[in-house]
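Chain by chain, the residues:
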Amino acid sequence: MVGKAPHENIDEQKLSVGSVKKKAVGIPGVVHSLDISFKQMGPFRAARALLQVNQKDGFDCMGCAWPESDKRHKAEFCENGAKAVAEEATNRRVPPSFFAEHSVSELREWDDFRLGQQGRLTDPMYLAEGSEHYVPVSWERALGILADELKALKDPNEAIFYTSGRTSNEAAFLYQLMVRGLGTNNLPDCSNMCHESSGSALTETIGIGKGSVSLEDIYQSELILIAGQNPGTNHPRMLTALEKAKQNGAVIVAVNPLPEAGLMNFKNPQTIRGLVGGGTDLADDFLQIKLGGDQALFQGLGKFLLEEQRRPGSPHAGRVFDTAFIDSHTTGLGEYLEQLEHVSWAEIVTATGLTEAQIRATGARLIMSKATVVCWAMGLTQHKHSVAMLRDVVNVLLLQGNIGKPGAGVCPVRGHSNVQGDRTMGIFERMPDAFHDALDAEFAFSSPRPHGFDTVAAIEAMRDGLAGVFLGMGGNFVRATPDSSVTEAALNKLSLTAQISTKLNKSHLITGRSALILPTLGRTERDAQTSGDQRVTVEDSMSAVHASRGRLAPASDNLLSEVAIVCRLAQLLFETDDGGTRPGAPLADWAAMAGDYSLIRSHIAAVVPGFEDFEAKIDVPGGFVLPHGPRDSRSFSTHSGLAHFTANELEYPRVPEGRLLLQTLRSHDQYNTTIYGKDDRYRGIKNGRRVVFVNQQDLDSFGIADGTMVDLVSEWKDGVDRRAPNFRVVAYSTPVGCAAAYYPETNVLVPLDSKADVSGTPTSKSVVIRLEPVG
Ligand SMILES: Nc1nc2c(c(=O)[nH]1)N[C@H]1C(S)=C(S)[C@@H](COP(=O)(O)OP(=O)(O)OC[C@H]3O[C@@H](n4cnc5c(=O)[nH]c(N)nc54)[C@H](O)[C@@H]3O)O[C@H]1N2
Ligand SMILES: Nc1nc2c(c(=O)[nH]1)N[C@H]1C(S)=C(S)[C@@H](COP(=O)(O)OP(=O)(O)OC[C@H]3O[C@@H](n4cnc5c(=O)[nH]c(N)nc54)[C@H](O)[C@@H]3O)O[C@H]1N2
Ligand SMILES: [Mo]
């Protein structure tokens, strides 16, 4: 049975705005996801696919990086997980005849939704210089073209190797080995745009860039702060964990500019009460914070704790801080407290838009809690001062010893299902020396040590004519990155762009002078190699590594696995005609590894700490948890061996008169640049995506009515007006001065050099804009 794809782009004429929902999931969620599943897969394939999601012998859901609980439901059901599966396991196909029919210029006019809806790519395709149509090529020819272009570069640093976070550990490990074998560390990844700020802040302060909590900690926590995250849409299975925490007595505080439905009330689709009853109220308090105000909030919380620790009449005087923990495990308290003394409540109130009383009340909750977790996602990582903001989150947790004890810790909730694992495997433009040393020893070569380009630096290099070839291991680089016009022009300058992809997207259409599409297996599909069917592994947000095995028939007979593509390319790059290894190249048996992924895992075991006995450990259902010093033994591998308090000057965005601060975020019907549908059910939007959410008070002061069509124009210090045309204004509950609109339509507004200090992450959650009524 072959599904039908829609013929049209999203028709914004049909856009309608209804009421905002206060409850997440329940029956509407189940109905909506089954509807999408049946349209894409048909009922039989849908049932087969959905029954294997996150089961111990099934595949890992590519919907998000939230961990699986030990007691899995027969269908670990999540509305958006089901949509992610449907998107990959669809019956729709993009065969070579599709490209004969449609030129690249024509396809460039299609929106992201319509492109993605066409279905799965089936054959390797080549777009020759000057040509308007992709034509089918053999794998041999496709990989030959790519290898020849790479070999022709004057310097390996003219090649850029992007990775999106769906890639398995096995493919990621071989990919970085190939890239380093070629002689460069140019390994930008989606993480540069995502949780890089978390990694930077956590590595500096606690010695490891990963979260310190397990699911059990969430269940046992007494207080959970959820800041800058919309789990109802982006991590729906997290709501089940929060519901359980709540049943165990946890208090939940939501910190967000928007009253997100999932944070307010959850109707668990796994339970009858959830489906037909009133659901569970999750957030006890909602702090409707201004965009970028979180550093001020956490400084305010620190200040309150300090005041209570010192206030003579306070019932908690002298007992607020965990002095035993502070004395034995931390350094830098003095400078931090001095900073808190200097910051004023007035400034904290201005920066947050909250009242002092609200902040003190949250501080009082901290004092009452013996075990506190802070969870966050993009709302905290995509600002100019995100790293400082997250250091201040760590400060507050350290004051009360909330790291490395049951029910407490830092919980950066990752996005892509294996983004954390890809980092562990070496997808990073600046891996530590210890990793390079181990890699060199295992493969008898010298990996390059100078740091490579991150995502923004890669775009700058392309723009400045310093790059020649781009290879994407998954993802949709041109749409995910900031400053769309600049990035598109930068890619056009290359000699070749090649994409290893499952689905058609804009990155296949905005290309270098020539381009390749290398279609690959998805995670739901059987991966048969010479030694038999293969499994791969992934690491979730809580450092648990486990196996994933696809069982559905591949979308086409002409797909190669990501591992096979890398191995075949590496053979062309590194092997001599008689099968030997070129001088200086890594010593590795690429053909054997492609035939049997357990050989890759034995190399990983030798290179990456924590993966000893890798193969045996993934035979255990549910896999194993990687070591984490702060979580396991309160040991901190910072240069001092202690956890670091840091003194950070208070920053917050300042927006000129008549302007708004825009955050770019996800609707309920999208997965990053993949658009599943046209609705954002919880926020009341139907049949359209070009909407901008603005506070009524701002609209009144601008004299703009709800429903008006406007252009969004971003203002930046370079004086360039970046414009996203034709958005419908929606009056919405958001703090005064703060607006919201969907990504990737708004990426054109994010200036390339507007990025976070230290981490380099584009500031996708703080873009200064003005509204210009159309016509
Ligand atoms: N269905 C689905 N699931 C996904 C994804 C998807 O696109 N669709 N994407 C995956 C990926 S890669 C990622 S990284 C995650 C993203 O998960 P999220 O981070 O939840 O995604 P966003 O939609 O960017 O939402 C940001 C949230 O932070 C709030 N926010 C914005 N700015 C601020 C701020 O300054 N302060 C505070 N306190 N809050 C703020 C917004 O109002 C919003 O609720 O989800 C992953 N899972
Ligand atoms: N303005 C703005 N920009 C942002 C963000 C934001 O909040 N605002 N968020 C940022 C974040 S958090 C992230 S993570 C990035 C996401 O950036 P990316 O990871 O680059 O984008 P995706 O949309 O997830 O990539 C989708 C494509 O991946 C391919 N794909 C899917 N599955 C597989 C697979 O199994 N293998 C392979 N090889 N390919 C596959 C498909 O072809 C699909 O079209 O975007 C960032 N950009
Ligand atoms: Mo992400």
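In this text the structure is predicted, and so the values were computed from the model without any measurement.

Cut-offs applied
- Residues numbered from 1 in each chain as written.
- Chains lettered and ligands numbered in written order.
- Predicted model: local features only at pLDDT ≥ 70, side-chain atom pairs only at ≥ 80, totals over all residues.
- Heavy atoms only, no water.
- Near = heavy atom within 4 Å.
- Polar contact = N/O pair within 3.5 Å; in protein donor to acceptor, adjacent residues only side chain to side chain.
- Areas by Shrake-Rupley, 256 points an atom, 1.4 Å probe, with all protein chains shown as cover.
- Domains from an automatic or database assignment.
- Contact = heavy atoms within 4.5 Å.
- Buried area = accessible area lost by both parts, 1.4 Å probe.
- Salt bridge = Lys/Arg side-chain N within 4 Å of Asp/Glu carboxyl O.
- Helix = DSSP H or I, 4+ residues; strand = E, 2+ residues; numbered from the N terminus.
- Nonpolar A, V, L, I, M, F, W, Y, C, P; charged D, E, K, R; others polar.
- Pairing = 2+ DSSP bridges.
- Axes fitted to C-alpha atoms, helices over the stretch in contact; angles between N-to-C directions.
- Buried < 20%, exposed > 50% of the residue type's maximum accessible area, 1.4 Å probe, protein only.
- Core = buried A, V, L, I, M, F, W, Y, C linked by side-chain atoms within 4.5 Å.

**Points about the site of ligand 2**
Working step 1: Near ligand 2 you find 30 residues, and of these Y162, A480, N505, E562 and T673 are the closest.
Working step 2: Contact between ligand 2 and S164: an oxygen atom at 2.7 Å from a side-chain N or O atom of the residue.
Working step 3: Within the side chain of H416, an N or O atom sits 2.8 Å from an oxygen atom of ligand 2.
Working step 4: For ligand 2, the accessible surface in isolation is 930 Å², of which the surrounding protein chains cover 96%.
Working step 5: Two domains each put at least three residues into the shell around ligand 2: domain 1 (121–194 + 438–605) and domain 3 (660–773).

**As for the domain arrangement of the protein**
Working step 1: What the domain assignment reports for the protein is domain 1 (121–194 + 438–605), domain 2 (196–413) and domain 3 (660–773).
Working step 2: A separation of 38 Å is found between the C-alpha centroids of domain 1 and domain 2.
Working step 3: Domain 1 puts 8 residues into the contact, and the matching count from domain 2 is 12 residues.
Working step 4: A buried area of about 730 Å², summed over both sides, lies between domain 1 and domain 2, and 43% of it is on carbon and sulfur atoms.
Working step 5: Among the residues domain 1 hides against domain 2, the three largest losses belong to C194, S541 and M542. Together they make up 64% of the total.
Working step 6: The tally of links from domain 1 across to domain 2 stands at 1 salt bridge.
Working step 7: Residue E539 pairs with K210 through a salt bridge whose shortest N-O separation is 2.9 Å.
Working step 8: Between domain 1 and domain 2 we count 5 residue pairs in polar contact (both at pLDDT 80 or more) in total.

**Points about the site of ligand 1**
Working step 1: Residues in contact with ligand 1 amount to 33 residues; listed here are only the nearest, N256, E260, D294, Q670 and N672.
Working step 2: A distance of 2.8 Å separates a nitrogen atom of ligand 1 from a polar atom in the backbone of N234.
Working step 3: Side-chain polar atom of D294 to a nitrogen atom of ligand 1: 2.7 Å apart, as the coordinates give it.
Working step 4: Relative to its unbound accessible area of 910 Å², ligand 1 is 99% covered by the protein chains.
Working step 5: Broken down by secondary-structure element, the contributors of at least two residues to the shell around ligand 1 are α10 (231–234), α19 (378–381), β25 (660–665) and β26 (670–671).
Working step 6: If one sorts the elements of the shell around ligand 1 by residue count, α19 sits on top with 3 residues.
Working step 7: Split by residue class, the shell around ligand 1 holds 12 nonpolar, 17 polar and 4 charged.
Working step 8: Each of domain 2 (196–413) and domain 3 (660–773) gives at least three residues to the shell around ligand 1.

**Quick look at the sheet that holds β25**
Working step 1: The mixed closed barrel is built from 6 strands, whose spatial order is β25-β32-β29-β31-β30-β33. Pairwise comparison of adjacent strand axes, ignoring direction, gives a mean angle of 45° for this sheet.
Working step 2: Across 2 bridges, the pairing between strand β29 (residues 691–694) and strand β32 (residues 738–742) is antiparallel. The residue bridging F693 from the neighbouring strand is A740, located in β32.

**A closer look at unusual backbone geometry**
Working step 1: With an omega of 5°, the peptide bond running from Y743 to P744 counts as cis.
Working step 2: With respect to the secondary-structure elements, P744 resides in the loop between β32 and β33 (767–773).
Working step 3: Here the phi dihedral of N687 falls at roughly 65°; this positive angle occurs in a residue that is not glycine.
Working step 4: Residue placement: N687 occurs in the loop between β28 (685–686) and β29.

**Looking at the environment of W376**
Working step 1: Counting through the fold element by element, W376 comes out in strand β14 (residues 372–376).
Working step 2: Owing to a relative accessible area of 0%, W376 belongs among the buried residues under this scheme.
Working step 3: Residues W376 and A227, spaced 149 residues apart in sequence, show a C-alpha to C-alpha distance of 4.9 Å.
Working step 4: The residues contacting W376, other than those within four sequence positions of it, are H195, S198, L202, A227, Q229, T381, L390, V393, V410, C411, P412 and V413.

**Quick look at the nonpolar core**
Working step 1: By size, the foremost hydrophobic cluster in this structure holds 65 residues, and its most contacted members are L146, F173, M178, L518 and W590.
Working step 2: Ranked by residues supplied to this core, first place goes to helix α26 (residues 562–574) with 9 residues.
Working step 3: Non-local contacts of M178, meaning those with residues more than four positions away in its chain, are made with F161, V566, L569, A570, L573, F574 and W590.
Working step 4: Within the second largest apolar cluster, 53 residues are counted, among which are L297, L340, V394 and L397.

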